[in-house]
Amino acid sequence: MKRLFAFLSALAVTAACAVTAWAAQPIQVVEGIRVSGDYDWTRFAGQNVTLNVYNWGEYISNGSDGSIDVVDAFERLTGISVNYTTFDSNESMYAKLKSGAASYDVIIPSDYMVAKMIDEGMLLPLNFDNIPNFALIDEGYRNPDYDPQNAYSVPYMLCTTGIIYNTTMVDQAPAAWADLWDEQYAGNILMFNNSRDAYAIAAFKEGKSVNPPTTAEVDEVMEQLKAQKPLVQAYVMDEIFDKMIGGEAAVGVYYSGDAITMIDDNPDLAWVFPEEGSVLSVDCMCIPAASQNQEAAEMFINFMCEVDVGVANAEYIGYTTPSSAVWEQLDEELKYSEIAYPSEEVAAKEQVFTALSEEVNSELDVKWSEMKSYDEGGSGYLFLLLLLAMILLACFNIWRKMRRKMRNMY
């Protein structure tokens, strides 16, 4: 997998060609956004089509803080209504779709989850005739390992994991994942509340792959998370925004784009790519197999690939774009951000998630659940022991009184 930094030396030529080709197309404007003028955006107008879009929280330009409301612009352009809801982890999204509890038309899972859902027949093959803007996705992000034929997914954004910390609350800034096992941060650590990202942190610490090959390796690495748990304040996903911005925790682990957002809101916060390495993830736009609105869903995906839309989203959420044409239009601060576009040295240590075998994945789920309940289970066990001790003590006191009474009778 190729990162944007890898072709920055040739980006002037690549981006110039992409922008020239894009600019040469006829355009139309809606809500201040330029879109392709030769695409039939209104073919569903008046048909009462509603798309159910399921995305990560805080992961689209939504009109706040002076940003463009991307969903509203799409609705005005196409006449399609959008029911937009959010999830906080790949696992919760997968569980909801697998249960059949809800039906969606566009989802945005991460790379390894795309592979899993393809394998389980949960995604529809895309008709790229309806997604001509796929041509704006850079070659380095096409035909990836998780979707080798690029049949089911279109890259949306990229991110890396790392550590965000409050410079006013730590005596020594963390530099490695291993530092999250340091007692100086006890009670002040926020950890991922999903198994894959949390496991990866412990795997990096132990020098293991983030993609465990065996159940034995899962068990070994999960012991590290169990050992860390007494130091952890909370396991969080989107809750990290309020906690880190509000100074409720000293150290957290999260995704690079969200770190940019949090640092903008609280300048006391800082980011570090841990020395052991980071996870690089590609989040993709896909259509679930149960969707009844495939063509309209493909229109939404095509809209999200428009350059102005890509710029609005990237600048609002701070994530890494897979499109040179979008990158060229970004504001300078984000365009050259070392968080969104890390150095070659940082990128050389990145690992990517792959789909795990069913056996290994099941073991990870089991051990994650055991780890999460470890404290509660331990506390419950201790409570039962204390209760038993109290009962035994009470019985002993009753026995002593009865024994004394019997002795006095004699």
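Residues numbered from 1 in each chain as written. Predicted model: local features only at pLDDT ≥ 70, side-chain atom pairs only at ≥ 80, totals over all residues. Heavy atoms only, no water.

- An unreviewed UniProt entry annotates the protein as Spermidine/putrescine ABC transporter substrate-binding protein originating from Candidatus Faecalibacterium gallistercoris.
- Here is the UniProt Subcellular location (unreviewed entry) comment for the protein, exactly as written: "Periplasm". (UniProt positions renumbered as here; feature names shortened; annotations may be inferred.)

### Considering a negative patch on the surface
Then, number 1: Taken together, the side chains of D65, D264, D265, E315, D331 and E333 make up a negatively charged region of the molecular surface.
Then, number 2: Residue position: E333 is located in helix α12 (residues 332–335). (Patch = residues over 30% accessible without salt bridge, like charges linked within 9 Å, V, L, I, M, F, W, Y side chains within 5 Å. Areas by Shrake-Rupley, 256 points an atom, 1.4 Å probe, with all protein chains shown as cover. Salt bridge = Lys/Arg side-chain N within 4 Å of Asp/Glu carboxyl O. Lys, Arg positive; Asp, Glu negative; His and termini not counted. Charge placed at Lys NZ, Arg CZ, Asp CG, Glu CD. Helix = DSSP H or I, 4+ residues; strand = E, 2+ residues; numbered from the N terminus.)

### A short note on the sheet that holds strand β4 (residues 81–87)
Then, number 1: Across the sheet, three strands lie side by side as β4-β3-β5; this open sheet has parallel pairing. Looking at which strands have only one partner, the edges of the open sheet turn out to be β4 and β5 (106–107).
Then, number 2: Note that strand β3 (residues 50–56) and β4 share seven bridges and pair parallel. Looking across to β4, one finds that W56 is bridged to F87.
Then, number 3: In this fold helix α2 (residues 70–78) packs onto β3 and β4, with an angle of close to 155° to the strand it touches most, β4. (Pairing = 2+ DSSP bridges. Contact = heavy atoms within 4.5 Å. Axes fitted to C-alpha atoms, helices over the stretch in contact; angles between N-to-C directions.)

### Quick notes on the packing of aromatic side chains
Then, number 1: In total, this model carries 20 aromatic pairs according to the counting rule given.
Then, number 2: Ring geometry for Y39 versus W41: centroids 4.3 Å apart, planes at 50°, classification tilted.
Then, number 3: Judged by its relative accessible area of 9%, Y39 is buried.
Then, number 4: Judged by centre distance (5.0 Å) and plane angle (55°), the ring pair of W56 and F87 falls under tilted. Of this pair, W56 sits in strand β3 while F87 sits in strand β4, and the two are 31 residues apart along the sequence.
Then, number 5: Three or more aromatic residues link up through ring pairs in this structure, and these residues are Y54, W56, F87, Y104, F192, F241, Y254 and Y255.
Then, number 6: The ring of W181 carries the charged tip of K205 above its face, separated from the ring centre by 5.1 Å.
Then, number 7: Over the ring of W327 we find K335; its NZ or CZ atom is 4.7 Å from the centre of that ring. (Phe/Tyr/Trp six-rings, centres within 6.5 Å; stacked < 30°, edge-to-face > 60°. Buried < 20%, exposed > 50% of the residue type's maximum accessible area, 1.4 Å probe, protein only. Lys NZ or Arg CZ within 6 Å of the ring centre and 35° of its normal.)

### A look at the nonpolar core
Then, number 1: Residues L180 and M191 are the most contacted members of the largest nonpolar core, which totals 132 residues.
Then, number 2: In terms of residues, this core owes the most to one element, strand β6 (residues 154–166), which gives eight residues.
Then, number 3: Discounting chain neighbours no more than four positions away, the residues touching L180 are I163, I189, M191, I201, Q228, L231, V251 and V253. (Core = buried A, V, L, I, M, F, W, Y, C linked by side-chain atoms within 4.5 Å.)

### A short note on the pattern of salt bridges
Then, number 1: Scanning all chains against the criterion turns up 13 salt bridges.
Then, number 2: Between D308 and R34 there is a salt bridge, with its nearest N and O atoms 2.9 Å apart. Taken as a pair, D308 in helix α10 (residues 307–317) and R34 in strand β2 (residues 33–36) lie far apart in primary sequence, 274 residues in all.
Then, number 3: Residue E206 pairs with K205 through a salt bridge whose shortest N-O separation is 2.9 Å.
Then, number 4: Of the residues examined, E206 reaches a relative accessible area of 31% and is grouped as partly exposed.
Then, number 5: Of the residues examined, K205 reaches a relative accessible area of 24% and is grouped as partly exposed.

### Digging into the state of the cysteines
Such a bond, covalent and formed between the sulfur atoms of two cysteines, is termed a disulfide.
Then, number 1: On inspection of all chains with the given rule, the structure shows zero disulfides.
Then, number 2: Here C286 is not cross-linked by a disulfide; its sulfur's nearest cysteine counterpart is in C284, at 5.6 Å. (Disulfide = S-S within 2.5 Å.)

### Considerations on the packing of helix α5 (residues 195–205) against helix α6 (residues 215–228)
Then, number 1: At their nearest, the axes of α5 and α6 sit 9 Å apart, and the two run at 95° to each other. Classified by the angle their axes make, α5 and α6 are roughly perpendicular. Here α5 contributes A198, Y199, A202, A203 and K205 to the contact with α6, which in turn contributes E217, V218, V221, M222, Q224 and L225.
Then, number 2: Class assignment of the residues belonging to the contact of α5 with α6 gives a composition of eight nonpolar, one polar and two charged. (Parallel < 35°, antiparallel > 145°, perpendicular 65-115°, else oblique. Nonpolar A, V, L, I, M, F, W, Y, C, P; charged D, E, K, R; others polar.)

### Let's talk about the pairing of β3
Two faces make up the sheet, and in a regular strand the side chains alternate between them.
Then, number 1: Of all seven residues in β3, six are buried; the element is thus mostly enclosed.
Then, number 2: Assessed by its sense of winding, the connection that carries the chain from β3 through α2 to β4 is right-handed.
Then, number 3: With two bridges joining them, β3 and β5 adopt parallel strand pairing. The partner of V53 across the bridge, within β5, is V106. (Right-handed = clockwise from strand over helix to strand, strands pointing away.)

### Examining the confidence of the model for the protein
Reading predicted coordinates in detail is not appropriate for stretches of low pLDDT.
Then, number 1: Averaged over the protein, the pLDDT score is 89; the fraction of residues at 70 or greater is 85%.
Then, number 2: Across residues 1–23, where pLDDT falls below 50, the model places 42 contacts with residues more than four positions away in sequence or in other chains.
Then, number 3: Here residues 404–410 is a poorly scored stretch, pLDDT under 50, and it has zero contacts once near neighbours within four places are set aside; other chains count. (pLDDT = per-residue confidence, 0-100.)

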